[in-house]
Amino acid sequence: MLRGRSLSVTSLGGLPQWEVEELPVEELLLFEVAWEVTNKVGGIYTVIQTKAKTTADEWGENYFLIGPYFEHNMKTQVEQCEPVNDAVRRAVDAMNKHGCQVHFGRWLIEGSPYVVLFDIGYSAWNLDRWKGDLWEACSVGIPYHDREANDMLIFGSLTAWFLKEVTDHADGKYVVAQFHEWQAGIGLILSRARKLPIATIFTTHATLLGRYLCAANIDFYNHLDKFNIDKEAGERQIYHRYCMERASVHCAHVFTTVSEITAIEAEHMLKRKPDVVTPNGLNVKKFSAVHEFQNLHAMYKARIQDFVRGHFYGHLDFDLEKTLFLFIAGRYEFSNKGADIFLESLSRLNFLLRMHKSDITVMVFFIMPAKTNNFNVETLKGQAVRKQLWDVAHSVKEKFGKKLYDALLRGEIPDLNDILDRDDLTIMKRAIFSTQRQSLPPVTTHNMIDDSTDPILSTIRRIGLFNNRTDRVKVILHPEFLSSTSPLLPMDYEEFVRGCHLGVFPSYYEPWGYTPGIYIVDRRFRSPDDSCNQLTKFLYGFCKQSRRQRIIQRNRTERLSDLLDWRYLGRYYQHARHLTLSRAFPDKFHVELTSPPTTEGFKYPRPSSVPPSPSGSQASSPQSSDVEDEVEDERYDEEEEAERDRLNIKSPFSLSHVPHGKKKLHGEYKN
């Protein structure tokens, strides 16, 4: 009989420290199920994508992701191959022989994990039968008109079928399956109803009803215990979805969520307290020298500047070197993601910058996918005009350079009137005339299908941010996710973020998100107007910083990013797997806990040398004048500052192996 490895958790200095003997992964199979595997919809895609390398390094060939098949995603993100694992290969073959279409391959991201993708449309003919199966399992019915819920039923039924085939041929291996969000929950419900021998985890990244309630501008967090859950779900016509989510939560061996605030929310909304809080992390890329990521910022900023040159052709009367690039990105949830308060703050910021006659321009991008029917003509024309001007400038430069070179070889100082002839002047004048436009630069890059009712565009019309020449704040709505293959702004999201100066995410409903804040806006205990004023103050303070101050802040942020690395935060997921194995197979696996497996009381340590924000330390930070910059260079030494941070920032987790029963001393917990 296999006796599972034990897990011990201790506490050190208020931070959880795990002493972990690794799971016997060679005797286990791990499946993660999510609608966003290879399918970018929102933040869960980023969670799974960034965590894949850490998990694949730990589990190797025994780690698999399950998601939906979409042809365009398969062609661009997945390399097809044959399954090496016998149980998985036989499961794929069995389902394909019975009228399904199951695709297998490697996801082309860091870690290259295996993916199993189900073609939902190909199996839709089973929908009525599977609705009956769900009703028998948990008495939940799905309306025929809810296409999304019907798709999730097909996806979940295929997942449960696949897991059944895997367990039938697992050859003594134990199966762990983690299901993300209600979209994957039906697979969990059916697996448990059919008593499949698998250990199950359900992870909610946000509650379904919580999203709807917050979108309705309800004081959600201060009234969590006062909602009539069934009534609220019914009024919003999502009762069947809510039942699917709640059933998934209560069927799982282990229930996890991504933050303490969402744990409290889940306890009220879904009536079960999460067993483990699994904070989301990042796959932090480390650089051997500080100047490396500064160079990346400069390179990607130059690409954004190129786009701006085209978008604002004819109105490029501001200095791009004195332009700050800000952005907000994510699901198009206007209130939940804080786009409403952000736009209002930008209006106030525009007033302040104009009133103080600032020479700073703020360029703000809204990267939020919405329904469109293609790029708008004016945006495409702008990029074409920019490219034409670039070609003209290069053509004239080549001719100018050759004539200058010949003159210098002859020992002559060239006459500029001879170097540039009438044809060259004519070409340049025509190029200048082509930049004239009668309209203002567009506030959106695409033709919006619901232009008149779109919340962002409606608010822009109300506050009057139309990219006028006099506006110091310019706005651009880019209503689709960024891609390096885009003909308009060919950049991946990570590159775009590197090129910007500041991301702004003043969300009201943000269960976790990839937005660890330098400035924190109070959305819970302040009125919307007060929160808006607070955000405006932060933004205006950021605009007043010198370039040197921003560099210092960026360097500090880069160092602190270690605290959000999956190498540390992945330990919470590891514990959840230990716990679910001990509950699903109690005679074979055992877990010992010496402190609660949550992040309660967990605070990211802040070095004494790092102020809460530059606005709080401007007396000791460099100012904009050349003289003061020289003085500051003597006061501020980047390497010395970095060394102080390294000494002060303690790793929140112990990563190295610790023999069971042995405890580390305080001095051993160093990066």
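Rules used in this analysis
Residues numbered from 1 in each chain as written. Predicted model: local features only at pLDDT ≥ 70, side-chain atom pairs only at ≥ 80, totals over all residues. Heavy atoms only, no water. Helix = DSSP H or I, 4+ residues; strand = E, 2+ residues; numbered from the N terminus. Buried < 20%, exposed > 50% of the residue type's maximum accessible area, 1.4 Å probe, protein only. Contact = heavy atoms within 4.5 Å. Areas by Shrake-Rupley, 256 points an atom, 1.4 Å probe, with all protein chains shown as cover. Phe/Tyr/Trp six-rings, centres within 6.5 Å; stacked < 30°, edge-to-face > 60°. Lys NZ or Arg CZ within 6 Å of the ring centre and 35° of its normal. Core = buried A, V, L, I, M, F, W, Y, C linked by side-chain atoms within 4.5 Å. Pairing = 2+ DSSP bridges. pLDDT = per-residue confidence, 0-100. Polar contact = N/O pair within 3.5 Å; in protein donor to acceptor, adjacent residues only side chain to side chain. Axes fitted to C-alpha atoms, helices over the stretch in contact; angles between N-to-C directions. Parallel < 35°, antiparallel > 145°, perpendicular 65-115°, else oblique. Left-handed = near helix turned anticlockwise from the far one by under 90°. Salt bridge = Lys/Arg side-chain N within 4 Å of Asp/Glu carboxyl O.

Scanning the chain from terminus to terminus reveals 22 helices and 17 strands. Taking all 671 residues of the chain together, 53% fall into the buried category. Look at the contacts in the chain between residues 6 or more apart in sequence, and 76% of them connect residues 24 or more apart. Looking at the chain as shown, the accessible area adds up to about 30800 Å², and 52% of this sits on carbon and sulfur atoms.

Applying the stated criterion across every chain, the model contains 30 aromatic pairs. Measuring from ring centre to ring centre gives 5.9 Å for Phe31 and Phe162, while their planes differ by 80°; the resulting arrangement is edge-to-face. Pair noted here: Phe31 is in strand 3 (residues 28-33) and Phe162 is in helix 5 (residues 147-168), with a separation of 131 residues, a long-range link. Across the pair, exposure class does not vary: Phe31 and Phe162 are buried alike. Between the aromatic rings of Phe307 and Phe365, the centroid separation amounts to 6.1 Å while the plane-to-plane angle is 45°, which identifies the pairing as tilted. Of this pair, Phe307 sits in helix 11 (residues 290-311) while Phe365 is found in strand 13 (residues 361-367), placing the two residues 58 residues apart along the sequence. For the pair Phe307 and Phe365, a shared accessibility class is recorded, and that class is buried. Across the ring face of Tyr114, the terminal group of Arg106 is positioned such that the distance to the ring centre comes to 4.0 Å. A cation over a ring is seen here: Arg437 above Tyr313, with NZ or CZ 4.0 Å from the ring centre.

Here the focus is the nonpolar core. Counting residues in each nonpolar core, the largest one holds 67 residues, and the members touching the most others are Phe31, Phe118, Phe162, Phe220 and Met269. Once you skip the residues sitting within four places of it in the chain, Phe31 turns out to touch Phe64, Ile66, Val88, Phe162, Leu163, Val166, Val175, Val176, Ala177 and Gln178. One finds Leu346, Leu349, Ile460 and Leu539 within the second-largest nonpolar core, a separate group that totals 35 residues.

In terms of residue burial, helix 6 (residues 185-193) counts as a mostly covered element, since seven of its nine residues are buried. Within helix 6 the residues assigned to the buried category are Gly185, Ile186, Gly187, Leu188, Ile189, Leu190 and Ser191.

Most of strand 6 (residues 102-107) sits inside the fold, with five of its six residues counted as buried. Where strand 6 and strand 7 (residues 114-118) come together, five bridges link them in antiparallel fashion. Bridge pairing in strand 7 places Arg106 opposite Tyr114. From the end of strand 6 to the start of strand 7, which pair antiparallel, there are six residues, and Gly111 there has a positive phi angle of about 95°.

Our focus in this paragraph is the confidence of the model for the chain. Per-residue confidence for the chain averages 83 on the pLDDT scale, and 83% of its residues sit at or above 70. Scored below 50 in pLDDT, residues 1-20 makes 74 contacts in the model with residues more than four places away or belonging to other chains. Of the regions scoring below 50 in pLDDT, residues 651-671 engages in 43 contacts with residues more than four places distant in sequence or in other chains.

The next point concerns the side chain of Thr435. Checked against the element boundaries, Thr435 lands in the loop between helix 15 (422-434) and strand 15 (446-448). When residues no more than four places from it in sequence are discounted, the contact partners of Thr435 are Tyr313, Gly314, Val385 and Leu389.

Moving on: the side chain of Arg241. Within the fold, Arg241 resides in helix 9 (residues 239-251). Only 3.1 Å separates the side chain of Arg241 from the side chain of Glu148, close enough to count as a polar contact. Beyond its immediate sequence surroundings of up to four residues, Arg241 is in contact with Asp146, Glu148, Ala149, Trp182, Leu208 and Tyr212.

Quick look at the sheet that holds strand 9 (residues 198-204) now. With mixed pairing, nine strands are arranged side by side in an open sheet as 5-6-7-4-3-8-9-10-11. Every interior strand has two partners, whereas the edge strands, strand 5 (78-80) and strand 11 (276-277), have only one. Pairing geometry for strand 8 (residues 174-180) and strand 9, over six bridges, is parallel. Counted as the bridge partner of Ala177 is Thr200 from strand 9. Against the sheet, helix 9 engages strand 9 and strand 10 (254-257), with an angle of about 135° to strand 9. Running over the sheet, helix 20 (residues 566-584) touches strand 3, strand 8, strand 9, strand 10 and strand 11 and is turned about 135° from strand 9.

Turning next to the packing of helix 5 against helix 6. The interhelical angle for the contact between helix 5 and helix 6, taken along N-to-C directions, is 45°, at an axis separation of 7 Å. Judged by the inter-axis angle, helix 5 sits oblique to helix 6. In this structure, helix 5 meets helix 6 at a crossing whose hand is right-handed. For the pair formed by helix 5 and helix 6, the contact residues are Met152, Leu153, Gly156, Ser157, Thr159, Ala160 and Leu163 on the first element and Ile186, Gly187, Leu190 and Ser191 on the second.

Backbone geometry places Thr38, a non-glycine residue, at a positive phi of 60°. For Thr38, the position within the fold is in the loop between strand 3 and helix 1 (43-59). Residue Thr38 is classed as buried on the basis of its relative accessible area of 1%. We note that Asn467 has phi near 65°; this positive angle belongs to a residue other than glycine. Its place among the elements puts Asn467 in the loop between helix 16 (455-463) and strand 16 (473-478).

Summed over all chains, the structure comprises 35 salt bridges. In this structure, Glu36 and Arg331 form a salt bridge, with 3.5 Å as the shortest nitrogen-oxygen distance. Note that Glu36 is positioned in the loop between strand 3 and helix 1 and Arg331 in the loop between strand 12 (323-329) and helix 12 (339-355), a separation of 295 residues in sequence. For the residue pair Glu36 and Arg331, the accessibility class agrees, reading buried in each case. Here Arg106 makes a salt bridge to Glu61, at a shortest N to O gap of 3.2 Å. Of this pair, Arg106 sits in strand 6 while Glu61 sits in the loop between helix 1 and strand 4 (63-68), and the two are 45 residues apart along the sequence. On the accessibility criterion, Glu61 (42% relative accessible area) is partly exposed. Residues participating in the shared-partner salt-bridge network are Asp86, Arg89, Arg90 and Asp93.

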